[in-house]
Amino acid sequence: GLPLDYNSFIEKIPYLKTFLESDYIGDNVLAKLIIERVATDETLQNQETYDEIEVNLDDTWRSSLTNNAHWSAYFLNLQHIIEECWNAGTLIGPSRGSGGGFILLYILGITQINPLREKTKLFHWRFLNPERASVLDIDTDIEGGRRQQVLNHLRNVYGSDRVSNVATFGTEKSKSAILTAARGLGIDVDIAQYLASMVEADRGIQRSLKQTMYGDAENGISQNKQFYHEMTENYPELWEVAHKIEGLVCGTGIHAGGVIFVDEPFVNSTALMRAPDGTICTQFDLHDCEDASLIKMDLLSVEAMDKMHICLDLLCDYGYVERKPTLR
């Protein structure tokens, strides 16, 4: 069978055997990368870490079956994408959200936080729950000022027909539906603003026109009697138009962080278009892209990363920090 050193790791982390003996090459590669990293990093050579890796591998295997997808391939692709982001010359944030609790991501160099060394307990199941059929989502912070540079680099590496931004579609919310309808009907803008001001918001989310007009007992929202009176007595034609255009798409944009990578032409699964500034992006929003089997990755622009990079450069220039061969 297996080389001797692999066996010694299988004794400590039995689930490695399942991955090494899998018919799928991505599973084999993942297991070998874990062994190589643990063998070269003393901070990972302890029982607590072995147990955590075992749990992560079990989650990954069972979730792959639930979702009928090889999550090992997702991790390996992501590892390569992160590597190329570093190569593009940007700093990368240590971790964000639930990914920080999954030690496999740290071992692969996708995140830079070992969850077992944190004072606050981080939970692996927040990132990957085998019972739940859903697409994994890892958010990565990059420098805002180098975002275009990173995307250009990724297009050079993977091919310009293999990397795309994701479209977003803005819809008419309840307040803007009133303003838009009033504009079309020639109703004075002050009156429209006054009527729109009656639409309340709960935790930042606007109530719908229907909820404002009639109330919503299920969600504990009572009818706005003043709004009802104005709309039925004074502006019935405004109500007629506004509640019909509420929810309609009224503009397109580019998703702040979403980038999609493919291994076959995009047009096999989605249509592409150019944004006003010439950026190539999908014609589907991210939910429709996921329904069409595409997985998006979030590369989020964070201004603080730019400042940290400038600070590092200055420390190097003034001789406080030694410049290393790579940013990483």
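Predicted model only: the values in this text are computed from it and were never measured.

Asks: So what's going on with the overall build of the chain? Which residues, and what values?
Replies: Along the chain, the regular secondary structure elements total 14 helices and eight strands. Over its C-alpha atoms the chain spans a radius of gyration of 26 Å, topping by over 25% the 20 Å that the globule rule assigns to 328 residues. By its C-alpha atoms, the chain is 85 × 50 × 45 Å across when sized along the principal axes. Counting only residues that meet the buried cut, the chain has 42% of its 328 residues in that class. At a minimum sequence separation of 6, the contacts of the chain that also span at least 24 residues come to 70%. Computed over 29 positive and 48 negative side-chain charges, the inter-centroid distance for the chain is 3 Å.

Asks: Just give me the short version of empty space enclosed by the protein, but keep the residues and values in it.
Replies: Tallying each qualifying case throughout the model produces one cavity of 30 Å³ or more. Taken together, Ile92, Gly93, Pro94, Ser95, Arg96, Ile110, Thr111, Ile138, Asp139 and Thr140 make up the lining of the largest cavity.

Asks: Give a detailed account of the layout of surface pockets, specifying residues and quantitative values.
Replies: In this structure, the largest pocket encloses a volume near 680 Å³. Every residue lining the largest pocket is counted, 21 residues in all, and those nearest its centre are Asn77, Phe261, Val262, Asp263 and Ile295. The set of elements that each furnish at least two residues to the lining of the largest pocket consists of helix H5 (71–87) and strand E8 (296–302). Grouping the amino acids of the lining of the largest pocket by side-chain chemistry returns 13 nonpolar, four polar and four charged. Counted as a void, the second largest pocket has a volume near 210 Å³. His309, Leu312, Asp313, Cys316, Val321, Glu322, Arg323, Lys324, Thr326, Leu327 and Arg328 are the residues that line the second largest pocket.

Asks: Help me get a handle on the side chain of Thr282, residues and values and all.
Replies: With respect to the helices, strands and loops of the structure, Thr282 is situated in strand E7 (residues 280–282). For Thr282, a relative accessible area of 0% puts it in the buried group. A polar contact of 3.3 Å, which involves the side chain of Thr282, links it to the backbone nitrogen of Ala167. Reaching out from Thr282, the side chain makes a polar contact with the backbone oxygen of Phe284 at a distance of 2.7 Å. Apart from residues lying up to four places away in sequence, Thr282 is in contact with Ser164, Asn165, Val166, Ala167, Ile260, Thr270, Ala271, Leu272, Met273 and Cys289.

Asks: Please set out the packing of helix H3 (residues 25–40) against H5 residue by residue, giving values where relevant.
Replies: When two helices pack together, their arrangement is given by the angle between the helix axes and the distance between those axes. H5 packs onto H3 with a crossing angle of 60° between their chain directions and a minimal axis gap of 8 Å. Taken together, the axes of H3 and H5 are oblique relative to one another. The handedness of the crossing between H3 and H5 is left-handed. Contacts between H3 and H5 involve Gly26, Asp27, Val29, Leu30 and Leu33 from the first element and Ser72, Phe75, Leu76 and Gln79 from the second. Along the lines of polarity and charge, the residues of the contact of H3 with H5 split into five nonpolar, three polar and one charged.

Asks: Which residues make up the packing of aromatic side chains, and what values do they have?
Replies: The tally for this structure, following the rule as stated, stands at eleven aromatic pairs. Residues Tyr214 and Tyr228 carry aromatic rings whose centres are separated by 6.3 Å and whose planes lie at 65° to one another, so their mutual orientation is edge-to-face. You can see Tyr214 sitting in helix H10 (residues 209–214) and its partner Tyr228 sitting in helix H11 (residues 225–234), a full 14 residues away along the chain. Judged by its relative accessible area of 46%, Tyr214 falls in the partly exposed class. Owing to a relative accessible area of 35%, Tyr228 belongs among the partly exposed residues under this scheme. Every member of this aromatic cluster is reached through a ring pair, and the members are Trp71, Tyr74, Phe75, Phe102 and Phe127. Directly above the aromatic system of Tyr106 lies the positively charged group of Arg37, at a separation of 5.0 Å from the ring centroid.

Criteria and thresholds
- Residues numbered from 1 in each chain as written.
- Predicted model: local features only at pLDDT ≥ 70, side-chain atom pairs only at ≥ 80, totals over all residues.
- Heavy atoms only, no water.
- Helix = DSSP H or I, 4+ residues; strand = E, 2+ residues; numbered from the N terminus.
- Rg over C-alpha atoms; globule rule 2.2 N^0.38 Å.
- Buried < 20%, exposed > 50% of the residue type's maximum accessible area, 1.4 Å probe, protein only.
- Contact = heavy atoms within 4.5 Å.
- Lys, Arg positive; Asp, Glu negative; His and termini not counted.
- Charge placed at Lys NZ, Arg CZ, Asp CG, Glu CD.
- 1 Å grid on protein atoms, 1.4 Å probe; cavity = no way out; pocket = protein on both sides within 12 Å on 5 of 7 lines; lining within 4 Å.
- Points joined across faces, edges and corners; volume = space filled by probe spheres on them.
- Nonpolar A, V, L, I, M, F, W, Y, C, P; charged D, E, K, R; others polar.
- Polar contact = N/O pair within 3.5 Å; in protein donor to acceptor, adjacent residues only side chain to side chain.
- Axes fitted to C-alpha atoms, helices over the stretch in contact; angles between N-to-C directions.
- Parallel < 35°, antiparallel > 145°, perpendicular 65-115°, else oblique.
- Left-handed = near helix turned anticlockwise from the far one by under 90°.
- Phe/Tyr/Trp six-rings, centres within 6.5 Å; stacked < 30°, edge-to-face > 60°.
- Lys NZ or Arg CZ within 6 Å of the ring centre and 35° of its normal.

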